[in-house]
Amino acid sequence: MILTVTLNTALDITYRVRSLRPHASHRVSEVTERPGGKGVNVARVLAALGHEVTVTGFTGGATGRVVREKLAAVPGVVDALVPLAGATRRTVAVVDERTGDTTQLNEPGPMVTPGEWSAFQEAYGDLLAAASAVALCGSLPPGVPVGAYAGLVRTARSAGIPVLLDTSGEPLRRGVAARPDIIKPNADELAELTGSHEPLRATQDARRRGAGAVVASLGPDGLLAATREGRWRATPPTPVRGNPTGAGDAAVAGLLSGLVEHLPWPDRLARATALAAATVRAPVAGEFDRGVYEELLARVTVSGEVSAA
Ligand SMILES: O=P(O)(O)OC[C@H]1O[C@](O)(CO)[C@@H](O)[C@H]1O
C-alpha cells in the first residue's frame, strides 16, 4: 500500500458566497465539509486511481471524530490515524461565486504532547513495513518538532521506502537535507527554500540541497521537474479556471502513483498535471471527474530533455 502522513489533519469546510468583501457580513449559499489536510486529499485521489492507500497522522476531539466518520465513507482508504487529546483543526475555503476566487483560512491545529509524538513515530515505523511509498504532507501542528519531517524521511529511507515530501518553510528546509526522493513545492515555497525566484534555477538548487527530484507546481503553468534522469516542463492544454484547493495534492497523488507503477518521468508529470487541472475544474474542492481527467491527460504537453548522466 501507499502510506500518506498528515500530522495536521483538518475538517475542510468550503463556503460559497455571492461576493466576498472585507468588512461586510455574508450569507453563505452552500457549505461543504470534507476530511482534509494535504495527505488525506492525496489518499483520496490515490484511491480513486485504484491504489491501496493508508492514511496516518493525528486526529482528536469532536472535529477529529467527524474527520474519521467521513474518511470511513471514502472507498479504498484505510484509516490508521493516531488519537490525540487535542481537537483536530478546521480549515475554511471561501469561494466567491462572482469571480470564482478562493480565500483560504487554515487554523494552526492542536497541541501535540511529546508522548503523542512518540506514539506516532512508533505507529509510523510499523506502517512503513507494509508500504511501497510514503508521502509526508502539510504543516506541522504545534508541539511537533520542526525537524519532524527530516526524521520521518530518514526512517523511510533506512527502511528502503521511497519518500515524497510536500511541506513548506523550515520543516521543508530541514526535510530536504534528509534527502527525500521527491519534493513538490509551489513557486513560493521553492523561492523561500532556495532564495531564487527563477524556478528553473531554484529546482536545480533544491536538488543540490538534498532532494532526489524536485517537482515545482506553477499553478496554471503546470509543473517544472528537475530529476536525476532529466528536466521537464508539463503544461495543461488550456488555462484552467476554478477552485485550486487540493490541486497540489492531486499532483502529489499523480507523482506517487507513477512512482509505484514505475512510469517514466514524462508520464508521471503528465498524469500529475492532468489530475491537478481536473481538480481545479471540479465544482467541489479537492475532487475530480474521471472523464475530465482522461480528456486533459490526452492533451497535456511534456517537453524537456534527458540528462546525459
Ligand atoms: O497543512 P496545511 O499546509 O495547513 O494545509 C492544509 C490545507 O491544504 C489543503 O490540503 C489544500 O491543499 C486543504 O485541504 C487544507 O486542509
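Looking up the protein chain in an unreviewed UniProt entry gives the name Tagatose 6-phosphate kinase, with the organism given as Streptomyces paradoxus. As stated in UniProt under Sequence similarities (unreviewed entry), the record for the protein chain gives "Belongs to the carbohydrate kinase PfkB family."

Novice: Just checking my understanding: could you explain the pattern of salt bridges for this structure?
Specialist: Once their charged atoms are close, side chains differing in charge can pair, the charge on each being opposite to the other. A full pass over the atoms with the stated rule returns 10 salt bridges. In this structure, the salt-bridge partner of R68 is D79, at a minimum N-O distance of 2.9 Å. Of this pair, R68 sits in helix α2 (residues 61-72) while D79 is found in strand β5 (residues 77-79), placing the two residues 11 residues apart along the sequence. A salt bridge links E295 to R299; the nearest nitrogen and oxygen atoms lie 2.8 Å apart. Relative accessible area serves as the criterion here: at 34%, E295 is assigned to the partly exposed category. The network of salt bridges with common partners includes E170, R173 and R174.

Novice: When you look at the site of the ligand in this model, what are you seeing that I'm missing?
Specialist: Around the ligand sit 13 residues, and of these D12, N41, R89, S139 and D249 come closest. Residue R89 places a side-chain N or O atom 2.9 Å away from an oxygen atom belonging to the ligand. In this structure, the ligand is accommodated by the largest pocket. Elements represented by at least two residues in the shell around the ligand include exactly β2 (10-17), α1 (38-48) and β7 (89-96). Of the residues assigned to the shell around the ligand, the class counts are one nonpolar, eight polar and four charged.

Novice: How should the confidence of the model for the protein chain be read in this particular structure?
Specialist: Note: predicted coordinates in regions of low pLDDT should not be interpreted at a detailed level. When pLDDT is averaged along the protein chain, the result is 94, and 98% of the positions lie at 70 or above. ipTM for the predicted complex: 0.97, alongside a pTM of 0.95.

Novice: Is there a simple way to explain the layout of surface pockets in this structure?
Specialist: Left-over empty space is what a probe sized like a water molecule reveals as it rolls over the atoms. There is about 1200 Å³ of room inside the largest pocket. Looking at the largest pocket, it is lined by 43 residues, and the ones nearest its centre are P244, T245, G246, A247 and G248. Here the lining of the largest pocket gets five residues from one element, more than from any other, and that element is helix α9 (residues 265-281). Residues that form the lining of the largest pocket fall into these classes: 12 nonpolar, 22 polar and nine charged. Roughly 190 Å³ of volume is contained in the second largest pocket.

Novice: It is not clear to me how the sheet that holds β2 should be interpreted in this structure. Could you clarify?
Specialist: The strands making up a sheet associate through hydrogen bonds between their backbones, and the pairing can be parallel or antiparallel. Across the sheet, four strands lie side by side as β3-β2-β7-β8; this open sheet has mixed pairing. A strand with exactly one partner marks an edge of an open sheet, and here the two such strands are β3 (28-36) and β8 (102-106). When the angles between neighbouring strand axes are averaged without regard to direction, this sheet yields 15°. Judged from the five bridges that link them, β7 and β8 form a sheet pairing that is antiparallel. Its bridge partner being in β8, V94 is matched across the sheet by T103. Seen against the sheet, α1 touches β2 and β3 and runs at an angle of roughly 85° to β3.

Here is what the cut-offs are and how they apply
In every chain, residue numbers begin from 1 and rise along the written sequence. In keeping with the predicted nature of the model, local features appear solely for residues at pLDDT of at least 70, side-chain atom pairs appear and are counted solely at 80 or more, and the whole-chain, interface and lining totals rest on all residues. Water and hydrogen atoms play no part in the side-chain values, which are based on all heavy atoms of the structure. UniProt positions are given in the numbering used here, feature names are shortened, and annotations may be inferred rather than shown by experiment. Criterion for a salt bridge: a side-chain nitrogen of Lys or Arg within 4 Å of a carboxyl oxygen of Asp or Glu. Numbering goes from the N terminus for both helices and strands, where a helix is a DSSP run of H or I of at least four residues and a strand is a run of E of at least two. Think of it in three bands: residues with accessible area under 20% of the maximum for their type are buried, residues over 50% are exposed, and the middle band is partly exposed, with areas taken using a 1.4 Å probe on protein chains only. Nearness here has a simple test: a residue counts as near a molecule or strand if at least one of its heavy atoms is within 4 Å of that partner. Definition of a polar contact: a pair of N or O atoms within 3.5 Å, with one able to donate and the other able to accept a hydrogen when the atoms are protein atoms, and with sequence-neighbouring residues admitted only if both atoms are side-chain atoms. Using a grid of 1 Å spacing that covers the protein atoms alone, one calls a set of points a cavity when a 1.4 Å probe fits there but cannot get out, and a pocket when the set is open and has protein on both sides within 12 Å along at least five of seven lines; lining residues are those with an atom within 4 Å of a point. To be counted as sitting in a cavity or pocket, a molecule needs more than half of its atoms within 2 Å of that site's grid points. Throughout, the ten residues Ala, Val, Leu, Ile, Met, Phe, Trp, Tyr, Cys and Pro are labelled nonpolar, Asp, Glu, Lys and Arg are labelled charged, and all others, Gly among them, are labelled polar. Think of pLDDT as the predictor's per-residue confidence, scored from 0 to 100. Grid points are joined across faces, edges and corners, and a volume is the space filled by probe spheres set on the points. Two strands form a pair only when DSSP identifies at least two bridges running between them. For every element, the axis is a line fit to its C-alpha atoms; helices are fit only across the contacting stretch, and the angle between N-to-C directions ranges from 0 to 180 degrees. We call two residues in contact whenever any of their non-hydrogen atoms come within 4.5 Å of each other.

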